[in-house]
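Close look at the chain arrangement
Next come the chains, spelled out residue by residue.
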Amino acid sequence: MEFVSPVGLRLDGRRPQELRAMRAQLGVLASADGSALFEMGNTKVLAAVFGPKPVEQRSREDEKRAVVRCEYAMAAFSTGERRRRGKADRRATEITKAIRNTIEQTILTELLPRSQVDVYVQVLQADGGTRCACINAAFLALAAAAVPMCDMVASCAAGYLESTPLLDLNYTEDAGGGPDVAVAIHPNLGDRLVLLQQDSRLAVDTFEEVLELAVAGCRKVAEFMRQTLLEHTQGLAAQRAAGDAAAEAAGGGGGGGSDEELDADDF
Amino acid sequence: MAAVAVKPTEPEVGKCVCPGDAVLALPETGVVRIGGGLQQEGAVLVASKAGVVRQAPRTGKLWVEPRQKRYIPSAEDAVVGRIIDKHSENYGVDIGAPFRALLPVLAFEGATKRNRPNLQVGDLVYARVESAHRDLEPVLSCTDAAGKASGFAHLKGGTVVEVSTTHARALLSRPPAAVLSALGRALQFEMAVGQNGRVWLDAPSPATVILVANAIQSSEFLSPAQQEHLVAALLRGSSAAAAAAARQRQQQQADGQQQEQQQGSGGDGK
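Residues numbered from 1 in each chain as written. Chains lettered and ligands numbered in written order. Predicted model: local features only at pLDDT ≥ 70, side-chain atom pairs only at ≥ 80, totals over all residues. Heavy atoms only, no water.

With that settled, consider the sheet that holds strand β5 (residues 115-125) of chain A. All names here are of chain A. Read across the sheet, 5 strands follow the order β1-β2-β3-β5-β4 without closing on themselves; strand pairing throughout is mixed. Whereas interior strands pair on both sides, the edge strands pair on one side only; in this sheet they are β1 (22-26) and β4 (67-74). This sheet shows a mean twist of 15° between the axes of neighbouring strands, independent of strand direction. Two elements, strand β3 (residues 43-54) and β5, share 9 bridges in a ladder whose sense is antiparallel. Bridge pairing links Leu46 to Gln122 in β5. Along the sheet, helix α1 (residues 90-106) makes contact with β4 and β5, crossing β4 at roughly 140°. (Pairing = 2+ DSSP bridges. Helix = DSSP H or I, 4+ residues; strand = E, 2+ residues; numbered from the N terminus. Axes fitted to C-alpha atoms, helices over the stretch in contact; angles between N-to-C directions. Contact = heavy atoms within 4.5 Å.)

Spelled out as structure tokens, the structure:
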């Protein structure tokens, strides 16, 4: 199979350094404290956050920081062939750990001692890059739940096929046997690496090239997520501001004094 | 996206921010008061939540206001709690926070060791958060700072509905939210709004309670005009309004009949 045509186009018509089209929606689950639906091309992932809440198992309670629990699952209908996977699936366990470590480094856990934050991620449609989409969806869900975080976390993967570094592999390219480097960064903290995983083998110089491409992809993902979050917040604020402004106009100066009562030293 | 390039020297109040965005470059000297949602990273104040930057007019305190459902306790908040434990010295109260709160048995107006309040497990209380340090369990009190009850008490009967904490704050603001004034004009009910996102409601008929709960929960993102429309639409199709109107008519009749010194049936609605 030819992954990069002589003209320089990939199997789905993208250029080697092009990301797939992304879409995100916040607040899709009414019962969760925060939820997000994130799509990268055909990969579709749903994340739900519950917390900060009391720790369920007292033995796990940490008096200095919050406990972060994560669960990753692939729906039976997410791949081409319907396959029911158990939660103890080895691949799922490994991805769960990767996601959990990434978001644990992003959440300001010292601000929420003796509490627990649960993050559930479900893959609804899998077309390569599921762990990256899961991390991005988890971040958006955490932001929607107003869990304090030190920075955004954006994740993207890159590979190397037919001597070309390729950004954001889909399933067919991933199954092509080449290396797959998955990266997550904190963009505002100097592109600090939070997650770095690789399948298969890669020469060291090529690795640097592929890593740089993946980090550039992460930055673009971060920009997209930032826009999504700002639009979501602006939408909510505009609706409430219309209410506040009209109420203030009707009630005179009463609205100004209420600002102080409404603020809170909450973390 | 490059590392933070813009370090504003004046906070842009009303601006929406993301976690990791720089909100203010801290000055060399002086005091900057911050509330929730902001962290200090070296010489810059960085947002830790997605929300709108707000500033209190009098103290100049900066904070980020997100739309949050979970409640993180802070001092001087009024909350609706449910008693889950009874000890000799205090009650354990669930206020929806990451920890159970404690309500001392003596923290009621006029309570002494011999004159204890009679609260059971499962009762609802409206209390004030007296202290909320993040490492300790929050302590509640059913009196205000001066020791008077001022509305904090055991809530008898009624039901509790849940809203987001941001909406609860909007319901507590002055002047009252449009939905509450519209409901108050048409119906009779009792309400206690907790800043932990719980609202206690009680009314003579269940239909009224359901109508009020419906109106409050649906009005979070509506403008005042829309809230009035919502309440009007709910009242039009409901039996609660009809019952309230019927009760008002009976009351007027009863007043008229009392003037003639006749014992009317059905008498005075309260």
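Quick look at the environment of Pro19 of chain B now. Turning to its location among the elements, Pro19 of chain B is positioned in the loop between β1 (16-17) and β2 (22-25). Sequence spacing of Pro19 of chain B and Gln227 of chain B is 208 residues, and the spatial spacing of their C-alpha atoms is 32 Å. Contacts of Pro19 of chain B, omitting those with residues within four sequence positions, involve Phe139, Met149, Asp151, Met152, Asn188 and Leu229 of chain A together with Ala47, Ser48, Lys49 and Ala50 of chain B.

Residues and elements named next belong to chain B. Taken domain by domain, chain B holds domain 1 (16-65), domain 2 (68-156) and domain 3 (157-259). Every contact between the two is made by 18 residues of domain 2 and, on the other side, 15 residues of domain 3. When residues of domain 2 are sorted by the area they lose upon contact with domain 3, Gln68, Val80 and Lys156 head the list and together hold 35% of the total. For the pair domain 2 and domain 3, the interface holds 1 salt bridge. A salt bridge links Arg198 to Asp94, with the nearest nitrogen and oxygen atoms 3.3 Å apart. For the pair domain 2 and domain 3, the number of links is 7 residue pairs in polar contact (both at pLDDT 80 or more). For the side of domain 2 that touches domain 3, the secondary-structure elements that each account for two or more residues are β7 (78-86) and β10 (124-131). Among the elements that line the side of domain 2 that touches domain 3, the one with the most residues is β7, at 5 residues. (Domains from an automatic or database assignment. Buried area = accessible area lost by both parts, 1.4 Å probe. Salt bridge = Lys/Arg side-chain N within 4 Å of Asp/Glu carboxyl O. Polar contact = N/O pair within 3.5 Å; in protein donor to acceptor, adjacent residues only side chain to side chain.)

Our focus in this paragraph is the pattern of salt bridges. Residues and elements named next belong to chain A. Considering all chains together, one arrives at 25 salt bridges over all chains under this definition. Note that Asp127 and Arg20 form a salt bridge whose closest N and O atoms lie 4.0 Å from each other. In this pair, Asp127 is assigned in the loop between β5 and α2 (130-144) and Arg20 in the segment before β1, connecting sequence segments 107 residues apart. Owing to a relative accessible area of 17%, Asp127 belongs among the buried residues under this scheme. Bridged by salt links that share partners, the residues Lys53, Glu56, Arg69, Glu71 and Asp118 form one connected network. (Buried < 20%, exposed > 50% of the residue type's maximum accessible area, 1.4 Å probe, protein only.)

A full pass over the atoms with the stated rule returns 0 disulfides over all chains. With no disulfide of its own, Cys70 of chain A lies closest to Cys134 of chain A among cysteine sulfurs, the gap being 8.2 Å. Residue classification places Cys70 of chain A among the buried positions, given a relative accessible area of 10%. Among the cysteines around Cys16 of chain B, which has no disulfide bond, Cys18 of chain B carries the closest sulfur, lying 9.5 Å off. (Disulfide = S-S within 2.5 Å.)

A word on the environment of Val45 of chain A. Residue and element names in this part refer to chain A. Relative to the elements of secondary structure, Val45 occurs in strand β3. Look at Val45 and you get buried, because its relative accessible area is 0%. As for Val45 and Ala182, which are separated by 137 residues in sequence, their C-alpha atoms are 17 Å apart. With residues near it in sequence (within four places) discarded, Val45 still touches Ala36, Leu37, Phe38, Val121, Gln122, Val123, Leu124, Thr130, Ala133, Cys134 and Ala137.

Turning next to the confidence of the model for chain A. Residue and element names in this part refer to chain A. Averaged over all residues, the pLDDT of chain A is 87; the fraction at 70 or higher stands at 89%. Model confidence for chain A, summarised as mean pLDDT per element, is weakest for helix α5 (residues 254-262) at 35 and strongest for strand β2 (residues 34-40) at 96. With pLDDT under 50 throughout, residues 247-267 is counted as low confidence; its partners more than four residues away or in other chains account for 38 contacts. (pLDDT = per-residue confidence, 0-100.)

Attention now moves to the UniProt feature "domain: Exoribonuclease phosphorolytic" (unreviewed entry) in chain A. Residue and element names in this part refer to chain A. If you check UniProt for "domain: Exoribonuclease phosphorolytic" (unreviewed entry), the listed places come out as residues 18-148 and 151-216 in our numbering. Secondary structure content for residues 18-148 is 24% helix and 33% strand, and the end C-alpha separation is 32 Å. As a span, residues 151-216 carries 26% helix and 41% strand, and end to end its C-alpha atoms are 17 Å apart. (UniProt positions renumbered as here; feature names shortened; annotations may be inferred.)

We now examine the packing of aromatic side chains. All chains considered together, the criterion is met by 3 aromatic pairs over all chains. Ring centres of Phe38 of chain A and Phe224 of chain A lie 6.3 Å apart, and the angle between their planes is 65°; this geometry places the pair in the edge-to-face category. With Phe38 of chain A in strand β2 and Phe224 of chain A in helix α4 (residues 204-251), this residue pair connects regions lying 186 residues apart in the sequence. Using a relative accessible area of 0% as the deciding quantity, one classes Phe38 of chain A as buried. Looking at Arg114 of chain A, its charged tip hangs above the ring of Phe99 of chain B, at a distance of 4.5 Å from the centre. (Phe/Tyr/Trp six-rings, centres within 6.5 Å; stacked < 30°, edge-to-face > 60°. Lys NZ or Arg CZ within 6 Å of the ring centre and 35° of its normal.)

Residues and elements named next belong to chain B. The end-to-end C-alpha distance of helix α4 (residues 224-236) is 18 Å, a good match for the 18 Å that 13 residues give at a rise of 1.5 Å each. By the burial criterion, the buried members of α4 are Pro224, Gln227, Leu230, Val231 and Leu235. End-on view of α4: buried residues confined to an arc of 125°, all on one side of the axis. In this structure, α4 carries His229 and Arg236 as exposed residues pointing more than 90 degrees from its buried face. (Expected span 1.5 Å × (residues − 1). Arc of directions from axis to C-beta.)

We now examine the sheet that holds strand β9 (residues 192-199) of chain A. All names here are of chain A. Overall, antiparallel pairing links the 4 strands, which are arranged β7-β6-β8-β9 in an open sheet. Here the strands that pair on one side only, and so sit at the sheet edges, are β7 (164-167) and β9. Each neighbouring strand pair of the sheet contributes to a mean axis angle of 20°, computed without reference to strand direction. As defined by bridge partners, strand β8 (residues 180-186) adjoins β9 across 7 bridges and the pair is classed as antiparallel. Opposite Ala182, over in β9, you have Gln197 as the bridge partner. Strands β8 and β9 of the sheet are contacted by α1, whose axis makes an angle of about 170° with β9.

Within the largest apolar cluster, 60 residues are counted, with the highest numbers of intra-cluster contacts made by Phe38, Leu142 and Val221 of chain A. Tallying contributions element by element places α2 of chain A first for this core, with 11 residues. If we ignore the near neighbours within four places in the chain, the residues touching Val221 of chain A are Leu19, Met22, Phe38, Met40, Asn136, Ala154, Ser155 and Cys156 of chain A. If you look at the next biggest cluster of nonpolar residues, it comprises 26 residues, including Val79, Tyr91, Tyr126 and Ala192 of chain B. (Core = buried A, V, L, I, M, F, W, Y, C linked by side-chain atoms within 4.5 Å.)

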